[in-house]
Amino acid sequence: MSRSALLLSVLVVALFAKSAPASGLVAVLVGSDHATPAVLEAIERTAQAALAPGISVTWKTSSELEGTAVSADVAIIRLRGECHPRGGLQSWSPPSIADGKPMGQTHISDGHVLPIADILCDTVWDLVGPDIRGAAARDRDELLGRALGRVVAHELYHIMLRTTAHTQEGFTRPNLRSADLLSEPDTSDNLEQPLDSGR
Ligand SMILES: [Zn+2]
């Protein structure tokens, strides 16, 4: 059984900082071959920035984890679909996003949040693709990776706090807009996210 999920926030960072001051998390990326190296780099950097300063994330591919003793908490992040920019402007057709279609899913069993999440790249692309397609080619991987990284951070929030709850602000809200996912990271301290995007 799984449930849809998608976002993170100031509250989350505060919770992390309070409950796990030196916490380390190993995030295992499964399906990294669905993305480009540049997208992966942006995913890792953006998710880490969203979770800082309370959580330090070590990123591993599933092959890197084999035979390795792991003492930290481990979360499995599965990249599903096509996790790279695609299509030229000529071949673009307007996306049709069904209401409630999730961009990520954290798995739940008997009411307990499991440390497994799916990132549904095709849904994320449907949302942010129209805003990315006009960007310079060299920027598209960065922008998509940034969006995916925020979805990853949202799912890691559910996993780390073992909660299905959401917040009313930040990237732990239940719904995010394209602009939320693509916005420039706060380079000062990453403690704040845009608040003017509620539906
Ligand atoms: Zn969620």
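Residues numbered from 1 in each chain as written. Predicted model: local features only at pLDDT ≥ 70, side-chain atom pairs only at ≥ 80, totals over all residues.

1. Brief notes about helix α2 (residues 37–51)
Then step 1. Taking 1.5 Å per residue as the helical rise, α2 with its 15 residues ought to reach 21 Å, and the 21 Å between its terminal C-alpha atoms agrees with that figure.
Then step 2. Along α2, the residues classified as buried are Val39, Leu40, Ala42, Ile43, Thr46, Ala47, Gln48, Ala50 and Leu51. (Helix = DSSP H or I, 4+ residues; strand = E, 2+ residues; numbered from the N terminus. Expected span 1.5 Å × (residues − 1). Buried ≥ 20, exposed ≤ 12 C-beta atoms within 10 Å, placed from the backbone.)

2. Here we look at the packing of helix α4 (residues 121–132) against helix α5 (residues 137–161)
Then step 1. Two elements in contact, α4 and α5, have axes separated by 10 Å at closest approach and are oriented at 135°. Taken together, the axes of α4 and α5 lie oblique to each other. Viewed along their axes, α4 and α5 form a crossing whose handedness is right-handed. Of the residues in α5, those in contact with Cys121, Val124, Trp125, Val128 and Ile132 of α4 are Arg140, Leu143, Leu144, Ala147, Leu148 and Val151.
Then step 2. Along the lines of polarity and charge, the residues of the contact of α4 with α5 split into ten nonpolar, no polar and one charged. (Axes fitted to C-alpha atoms, helices over the stretch in contact; angles between N-to-C directions. Parallel < 35°, antiparallel > 145°, perpendicular 65-115°, else oblique. Left-handed = near helix turned anticlockwise from the far one by under 90°. Contact = placed C-beta atoms within 7 Å. Nonpolar A, V, L, I, M, F, W, Y, C, P; charged D, E, K, R; others polar.)

3. Remarks on the packing of α2 against α5
Then step 1. Across the interface, α2 lies against α5 with an axial gap of 7 Å and an inter-helix angle of 45°. One element, α2, and the other, α5, form an angle in the oblique class. For the pair α2 and α5, the sense of crossing is right-handed. On α5, the residues that touch Ala38, Val39, Leu40, Glu41, Ala42, Ile43, Arg45, Thr46, Ala47, Ala50 and Leu51 of α2 are Asp141, Glu142, Leu144, Gly145, Arg146, Leu148, Gly149, Arg150, Val152, Ala153 and Leu156.
Then step 2. Its residues placed into classes, the contact of α2 with α5 shows 13 nonpolar, three polar and six charged.

4. Regarding the nonpolar core
Then step 1. Ala27, Ile119, Val124, Leu148, Val152 and Leu156 are the most contacted members of the largest nonpolar core, which has 46 residues in total.
Then step 2. Elements represented by at least two residues in this core include exactly β2 (23–30), α2, β3 (55–61), β4 (73–80), β6 (112–120), α4 and α5.
Then step 3. For this core, the element with the most residues is α5, which contributes eleven residues.
Then step 4. Excluding anything up to four places from it in sequence, Leu148 contacts Val39, Ile43, Cys83, Ile119, Cys121 and Val124. (Core = buried A, V, L, I, M, F, W, Y, C linked by C-beta atoms within 7 Å.)

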